[in-house]
Amino acid sequence: MTNIHSRLCCDQQIPMEKAFSGPKVLADRMGGLDVHRIAEADPEAFATIMATPPAVHRFPGSMAKRVQALSQFVVETYDGDVTRIWADGDGAAVLKRLKALPGFGEQKAKIFLALLGKQFGVTPEGWRAAAGHYGDEGSRRSVADVRDQASLLEVRDFKKAAKAAAKK
């Protein structure tokens, strides 16, 4: 399973550092990350792996179900090859496939498309437009823009300001 697939397992309700450490913790516990093994794992046993202290997520049971559902979808739809999600088509087609992933809505799919383009060189035609504001050059809106501690703080500041503006 690729590093990009591990990013599919993240949850935006927890600090980015914790979310991005989850796949490594899971890999350590399972002897590596394999989308087929996760998809085929006994749900109770997999939930136990996720919940073993320190838990991979603050809601390990529900996250275990989400990770398994996502893994099962990737196995069934893409034969376990996550790169097929973005391997062909334009930005709109890739966005459509990302939105079809279990647990991915419009916003998460756009952020992930921006992450692919900005940090992994996956730049199908029209990817910035399909990613919306998350694809903007030089933006500091999401994890797609985090490259170091300074950019992490800029993203956090943006999110804090957006939250404050939404409350007004």
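Residues numbered from 1 in each chain as written. Predicted model: local features only at pLDDT ≥ 70, side-chain atom pairs only at ≥ 80, totals over all residues. Heavy atoms only, no water.

Chemist: Sorry if this is basic, but what is going on with the overall build of the chain here?
Modeler: A tally of regular secondary structure across the chain gives nine helices and zero strands. Ordered by position in the sequence, the α and β elements of the chain form the string α-α-α-α-α-α-α-α-α. Against the compact-globule benchmark of 15 Å for 168 residues, the chain has a radius of gyration of 16 Å, which places it among compact chains. For the chain, the spread of C-alpha atoms along the three principal axes comes to 40 × 35 × 30 Å. Classification of the 168 residues of the chain by burial places 42% in the buried group. Counting contacts in the chain only where the partners sit at least 6 residues apart, residues at least 24 apart contribute 50% of the total. (Helix = DSSP H or I, 4+ residues; strand = E, 2+ residues; numbered from the N terminus. Rg over C-alpha atoms; globule rule 2.2 N^0.38 Å. Buried < 20%, exposed > 50% of the residue type's maximum accessible area, 1.4 Å probe, protein only. Contact = heavy atoms within 4.5 Å.)

Chemist: Got a minute to help me understand the confidence of the model for the chain in this structure?
Modeler: Should pLDDT be low for a region, the predicted coordinates there are not to be read in detail. Per-residue confidence for the chain gives a mean pLDDT of 90, with 92% of residues at or over 70. Of the regions scoring below 50 in pLDDT, residues 1-12 engages in 38 contacts with residues more than four places distant in sequence or in other chains. (pLDDT = per-residue confidence, 0-100.)

Chemist: I keep staring at helix H7 (residues 106-120) and nothing clicks. Help me out?
Modeler: Residues that lie three or four places apart on an α-helix share one face, since the helix turns once every 3.6 residues. Helix length check: H7 (15 residues) gives 20 Å between terminal C-alpha atoms against 21 Å at 1.5 Å per residue, within 8%. Residues Lys108, Ala109, Ile111, Phe112, Leu113, Ala114, Leu115, Leu116, Gly117 and Lys118 constitute the buried set of H7. Two residues or fewer after H7 comes Gly121, characterised by a positive phi angle close to 70°. (Expected span 1.5 Å × (residues − 1).)

Chemist: Explanation requested: helix H5 (residues 60-78) in the structure shown.
Modeler: If you check H5, its first and last C-alpha atoms are 26 Å apart, about what 19 residues at 1.5 Å a residue would give, namely 27 Å. Buried residues of H5: Pro60, Met63, Ala64, Val67, Gln68, Leu70, Ser71, Val74 and Tyr78, and no others. Down the axis of H5, the smallest arc covering the buried residues is 160°, so these residues share one side. In H5, the exposed residues that point more than 90 degrees away from the buried face are Lys65 and Glu76. Among the residues trailing H5, Asp79 stands out with phi positive, at a value near 55°. (Arc of directions from axis to C-beta.)

Chemist: I tried to follow the packing of helix H2 (residues 16-30) against helix H4 (residues 43-51) on my own but got confused; where do I start?
Modeler: How two helices pack is summed up by the angle between their axes together with the distance between the axes. Between H2 and H4, the shortest axis-to-axis distance is 10 Å and the interhelical angle comes to 120°. Here H2 is positioned oblique relative to H4, judged by the angle of their axes. You can see that H2 and H4 cross each other, and the crossing is right-handed. In contact with Leu26, Arg29 and Met30 of H2, H4 contributes Phe46, Ile49 and Met50. (Axes fitted to C-alpha atoms, helices over the stretch in contact; angles between N-to-C directions. Parallel < 35°, antiparallel > 145°, perpendicular 65-115°, else oblique. Left-handed = near helix turned anticlockwise from the far one by under 90°.)

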